[in-house]
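# Structure assessment
Spelled out from the first residue to the last, the chains are:
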Amino acid sequence: EADIYQTPRYLVIGTGKKITLECSQTMGHDKMYWYQQDPGMELHLIHYSYGVNSTEKGDLSSESTVSRIRTEHFPLTLESARPSHTSQYLCASREQGSSYEQYFGPGTRLTVT
Amino acid sequence: GNSVTQMEGPVTLSEEAFLTINCTYTATGYPSLFWYVQYPGEGLQLLLKATKADDKGSNKGFEATYRKETTSFHLEKGSVQVSDSAVYFCALIYGGATNKLIFGTGTLLAVQP
């Protein structure tokens, strides 16, 4: 059973606010990922990390930023939320050298009004 | 480049019907192939996988065979249940430094009693 957690599960926030979406995993996985899922269900990789102090931008350009100070924690921050940021955000992790299986958190559904 | 194409939904079936969701891929080399499932309000879960040609992945009555000659990985189930209603994603991962998952656009399955 995967142990990867995301908080909050749902968030409604006004334009211009700063927000941080939390993602934590207790499996000791080195690799972590953030995906943005649009209303049409398609998934886009926006950030990934191979370990502490390692972060890279994904395939879809995003105004969000991430940090990886601890192995188990991979928060995503929006400095100034806009309605175009309304989406579902999914966090995932993978063990180094495994069979490539990614474990996903339950997601955060963000609405910016 | 590497990509995944899966049939558009929604797919609507009656309980106990046979299910096929088509998935084809384009990739250099020998990718690993996956089917993920997303139940309403949840994150993605790995349903099954295959890592080389002619491998058959299976789980919970679902099956998919890695066909290199047709670059396909179609998902099948002999008798669907209402509880199978979900969004199904076909995905591939290719090697190299990044090991990123590439997802199809997702297929919504609705099973009616």
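In short, a report on the structure. In this text the structure is predicted, and so the values were computed from the model without any measurement. (Residues numbered from 1 in each chain as written. Chains lettered and ligands numbered in written order. Predicted model: local features only at pLDDT ≥ 70, side-chain atom pairs only at ≥ 80, totals over all residues. Heavy atoms only, no water.)

### Here's the deal with the nonpolar core
Residues and elements named next belong to chain B. As a reminder, the rule being used: Side-chain atoms within 4.5 Å link the members of a nonpolar core, which is a set of buried Ala, Val, Leu, Ile, Met, Phe, Trp, Tyr and Cys residues. Using a 1.4 Å probe on the protein chains alone, a residue whose accessible area is under 20% of its type maximum counts as buried, one over 50% counts as exposed, and one in between counts as partly exposed. Strands here are runs of E lasting at least two residues and helices are runs of H or I lasting at least four, both read from the DSSP assignment and numbered beginning at the N terminus. Two residues form a contact once any of their heavy atoms are found within 4.5 Å.
In this structure, Leu-19, Trp-35, Leu-47, Leu-48, Phe-73, Leu-75 and Tyr-88 are the most contacted members of the largest nonpolar core, which totals 27 residues. Elements with a contribution of two residues or more to this core: β2 (11-14), β3 (19-21), β4 (23-26), β5 (32-38), β6 (44-50), β8 (62-65), β10 (86-93) and β12 (107-112). In terms of residue count, the dominant contributor to this core is β10 (four residues). Apart from residues no more than four positions distant in its own chain, Phe-73 is found in contact with Cys-23, Leu-33, Phe-34, Trp-35, Leu-48, Lys-49, Ala-50, Ala-64, Thr-65, Tyr-66 and Cys-90.

### Overview of the interface of chain B and chain A
Definition in use: The buried area of a pairing is the accessible area, by a 1.4 Å probe, that goes missing from both parts when the two are put together, added over both. The salt bridge criterion pairs a side-chain nitrogen of Lys or Arg with a carboxyl oxygen of Asp or Glu, the two atoms within 4 Å. The definition of a polar contact used here is a pair of N or O atoms within 3.5 Å, where within protein one atom must be able to donate a hydrogen and the other to accept one, and adjacent residues in sequence count solely through side-chain atom pairs. For this classification, the nonpolar set comprises Ala, Val, Leu, Ile, Met, Phe, Trp, Tyr, Cys and Pro, the charged set comprises Asp, Glu, Lys and Arg, and every other residue, Gly included, is treated as polar.
Across the boundary between the two partners, chain B contributes 22 residues, which contact 23 residues of chain A. Overall, the association of chain B and chain A removes approximately 1,800 Å² of surface from exposure, summing both partners, and the carbon and sulfur fraction of that is 54%. At the boundary of chain B and chain A, one finds zero salt bridges. Scanning the region where chain B abuts chain A turns up four residue pairs in polar contact (both at pLDDT 80 or more). Contributing elements (two or more residues each) for the side of chain B that touches chain A: β5, β6, β10 and β11 (101-103) of chain B. Considering every element that reaches the side of chain B that touches chain A, the biggest residue donor is β5(B), with four residues. Looking at the side of chain B that touches chain A, its residues break down into 11 nonpolar, eight polar and three charged.

### Focus: the state of the cysteines
Residue and element names in this part refer to chain A. Selection criterion: The definition used for a disulfide is geometric: two cysteine sulfur atoms within 2.5 Å.
Taken as a whole and judged by the stated rule, the model has two disulfides over all chains. Each sulfur of the disulfide joining Cys-23 and Cys-91 lies 1.9 Å from the other. Torsion about the S-S bond of the Cys-23 and Cys-91 cystine: about -75°, corresponding to left-handed handedness. One end of the pair, Cys-23, is in strand β3 (residues 19-25); the other, Cys-91, is in strand β9 (residues 87-94), and 68 residues separate them in sequence. Cys-91 shares its class with Cys-23; the two are buried.

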